[in-house]
Amino acid sequence: MMNEVPFFSIILRPVLASIQPVWKAFCAFRWLLSRPLSTLILPKFIPGFVKIPIFKHVPHICIGEILFAAPIFVVGYLSYEASFGVDKEIEESGYITTWPLYVVFFTANKANSLVTFVLGIPFERLIFWHQLWSILAVVTGFFHFFCAYELGGDDRRMLLVEDAALPEEIRAGSATTTTEERMLSGDDGAPTIHDRYGLDPNIAKFAFETDTNITGSILLISLLLLVLPSVLSIFRRLFFDVWYMFHVVLALVAGVFVIIHGTENILIALVWWIIDLSTRYLLMTGCLYPREASLRALPGEIVEISFPKTKALEYDPGQFLMIAIPKIGFSQFHPFSISSSPHQNTITLHTKALGGWTRKLMELAKTEPKVNILMEGPYGKLAVDINDTDRYKTVVLIAGGIGITPLMSVANYLLQQVKNGREMTKIRFVWTIRSLDILQGMKDSVDVEQTSGPSKFVDDVQDNAQVNSPGPSLFDDRQSVDALQFDVYVTGKTGSTSTVGDISTVMGRPDIDQILKETKELAAKEGEGSVAVLVCGPTGMIDMCRDASRRMSDACCGGVKFEFHEETFEL
């Protein structure tokens, strides 16, 4: 399925069965190309896990990131040369300035991202590059502005003439015989009085002197207002709804004014972005997806959201949905990892009441068992191809707190594949929690699903022939699946008990190095070259697991390599 790009999945659904072999072959080729690009550049003796945010990723830079970053530096250099170099030229400067804008609009898409479709990189992992190209758009925009101020605006050009050819009012203030770096006039012969070499140099007046300058200045201001609050993530976190509304409006303003300014071709990228918005908010939210869900308050301040899986809403393990509940906020879409698995007919999501919105959701769940919902997605894509049965016979899943939700989906999916005959050497699941309440909450949710029969939404499922049992469960099939090892670590106080039902726990924190060492020895014994490591939890846990995976991986040729995936919700 094309679930990482919902737009194509929706429009191609009528012919999906016939093109499925081609799509699978394309995805296999895409994975084949992506693996060399994930090779780390720096040797293992370079220390990792540096806590300074700007530096901590340096030891983990891979070939693909270098290739992604290279065009940014090239475009920045070309823009600087065209704007300030020996052969500076206002048209060339403006032409180069539009390049980052194309990338910005095409990487802003979620549902119909061409980058995701072609390269398999999900939109949430493109956000960083979207921000870099946006910053570059602002920088090159300022380069172009100062180039115009240097050479003149409104299609004016530098002229090489004798003083005698100058208008008298300009000639009176000139002490040179030629004007090699002075803008004299426009095509109509009228002097430019506000540019750098005009009669009245004034950069503020120059910015709003002519139609061309005005549209360019509005475009630059709108880009600046777009980028600053986005790069400073505190604005997004504290005022997300306000930020998002202005982000969309300013993006439309920028798109309109870049067209008026003379770059009509950007209309293609702008229209494609508008199609993305229409797909998400009209097609998905308004027409295709369920608009009612059940809520349930669980121990550990956990809220379960569930609704029927329909033909229109297909997903892969590890993906997430953007959900809004009108009773809390009509436009407040929040990301929720899908904790159910694709073979199950009921879609479930779990969240912990941590912030203002989720606490309102908890209070709502205590009083209203069913609510109206709006949703878009699914989004996201694992960085490892867990469907590659030959490559990944050993999988390590490490979760912290509510980070269990996407990894539970992956684990149950793998258990279902084992049930269907897939050979697995080891599924090692490590879950770290602060108290037993969250374990009780998640287990209660699974127990209800297991005992409620085929589906509590059986009347809502579009194709009842596809209704099935919940299938294997991480919580209930620990003994029946030999490959599964499920360890729960409790870092806080547990009181008089350390068990929940038949699930025993271990006090303290897991030794990630020891876990990976044991896994590596097992994989090597079985002749396996790759182990998938999937992590979702606090930033510190992710950093620790990423660093351990890097240190304990063997060289790219031979040995056992840990191939890493982390969940990201910085949207």
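Structure first, text after, so check above.
Re the sheet that holds strand 8 (residues 370–372)
Then step 1. Taking strand neighbours across the sheet as the criterion, the four strands line up as 7-4-3-8 in an open arrangement whose pairing is antiparallel. One side of each edge strand has no neighbouring strand; the edge strands of this open sheet are strand 7 (346–352) and strand 8. Averaged over all adjacent pairs, the angle separating strand axes in this sheet is 30 degrees, with direction ignored.
Then step 2. Relative to strand 4 (residues 302–308), strand 3 (residues 292–298) is paired through five bridges, and the arrangement is antiparallel. Opposite alanine 297, over in strand 4, you have valine 303 as the bridge partner.

Some points on the pairing of strand 5 (residues 320–324)
Then step 1. The buried count for strand 5 comes to five of five residues, which makes it a mostly enclosed element.
Then step 2. Side chains Phe320, Met322 and Ala324 of strand 5 all project onto a buried face; the interleaved residues Leu321 and Ile323 project onto the opposite face, where all are buried too.
Then step 3. For strand 5 and strand 9 (residues 374–379), the ladder comprises four bridges, and the chain directions are antiparallel. Looking across to strand 9, one finds that phenylalanine 320 is bridged to tyrosine 379.
Then step 4. With four bridges connecting them, strand 5 and strand 6 (residues 334–337) associate as antiparallel partners. Directly across from isoleucine 323, in strand 6, lies its bridge partner histidine 334.

Observations regarding the nonpolar core
Then step 1. With 45 residues, the main nonpolar core has Phe307, Ile325 and Leu361 as its most contacted residues.
Then step 2. When residues no more than four places from it in sequence are discounted, the contact partners of leucine 361 are Leu295, Val303, Ile305, Ile325, Ile328, Phe336 and Thr351.

Concerning helix 14 (residues 356–367)
Then step 1. Between its terminal C-alpha atoms helix 14 stretches 17 Å, which fits the 16 Å expected from 12 residues at 1.5 Å a residue.
Then step 2. Next to the buried residues of helix 14 lie strand 3, strand 4, strand 6, strand 7 and strand 8.

Focus on the side chain of serine 113
Then step 1. Mapped onto the elements of the fold, serine 113 is located in the loop between helix 5 (90–106) and helix 6 (114–119).
Then step 2. Under the relative-accessibility criterion, serine 113 is labelled buried at 0%.
Then step 3. Of the polar contacts made by the side chain of serine 113, one reaches the backbone nitrogen of valine 115; its length is 3.4 Å.
Then step 4. Excluding residues that lie within four positions of it along the chain, serine 113 makes contacts with Val5, Phe8, Phe106 and Leu126.

Digging into the packing of helix 12 (residues 240–260) against helix 13 (residues 266–288)
Then step 1. Where helix 12 contacts helix 13, the two axes come as close as 9 Å, and the packing angle between them is 150 degrees. Relative to helix 13, helix 12 is oriented roughly antiparallel. Our pair here, helix 12 against helix 13, has a crossing hand that is left-handed. Taking contact as the criterion, the partners of Tyr244, Val248, Ala251, Leu252, Gly255, Val256, Val258 and Ile259 in helix 12 are, on helix 13, Ile266, Leu267, Leu270, Trp273, Ile274, Leu277, Arg280 and Tyr281.

Details of a nonpolar patch on the surface
Then step 1. Taken together, Ile135, Val139, Val231, Leu232, Ile234, Phe235, Leu238, Phe239, Val242, Met245, Phe246 and Val249 make up a surface patch of nonpolar side chains, about 1,100 Å² in accessible area.
Then step 2. Secondary structure elements with two or more residues in the nonpolar patch: helix 7 (123–151), helix 11 (233–238) and helix 12.
Then step 3. It is helix 12 that contributes the most residues to the nonpolar patch, four residues altogether.

Re the side chain of serine 340
Then step 1. Among the secondary structure elements, serine 340 is positioned in the loop between strand 6 and strand 7.
Then step 2. Non-local contacts of serine 340, meaning those with residues more than four positions away in its chain, are made with Tyr315, Thr346, Ile347, Thr348 and Ser409.

What to know about unusual backbone geometry
Then step 1. Cis rather than trans, the peptide bond between glycine 377 and proline 378 has omega equal to 0 degrees.
Then step 2. For glutamate 301, which is not a glycine, the phi torsion comes out positive at approximately 60 degrees.
Then step 3. With respect to the helices, strands and loops of the structure, glutamate 301 is situated in the loop between strand 3 and strand 4.

About the thresholds
- Residues numbered from 1 in each chain as written.
- Predicted model: local features only at pLDDT ≥ 70, side-chain atom pairs only at ≥ 80, totals over all residues.
- Heavy atoms only, no water.
- Pairing = 2+ DSSP bridges.
- Helix = DSSP H or I, 4+ residues; strand = E, 2+ residues; numbered from the N terminus.
- Axes fitted to C-alpha atoms, helices over the stretch in contact; angles between N-to-C directions.
- Buried < 20%, exposed > 50% of the residue type's maximum accessible area, 1.4 Å probe, protein only.
- Core = buried A, V, L, I, M, F, W, Y, C linked by side-chain atoms within 4.5 Å.
- Contact = heavy atoms within 4.5 Å.
- Expected span 1.5 Å × (residues − 1).
- Polar contact = N/O pair within 3.5 Å; in protein donor to acceptor, adjacent residues only side chain to side chain.
- Parallel < 35°, antiparallel > 145°, perpendicular 65-115°, else oblique.
- Left-handed = near helix turned anticlockwise from the far one by under 90°.
- Patch = residues over 30% accessible without salt bridge, like charges linked within 9 Å, V, L, I, M, F, W, Y side chains within 5 Å.
- Areas by Shrake-Rupley, 256 points an atom, 1.4 Å probe, with all protein chains shown as cover.
- Salt bridge = Lys/Arg side-chain N within 4 Å of Asp/Glu carboxyl O.

Interpretation in functional terms is not warranted from these geometric data alone.
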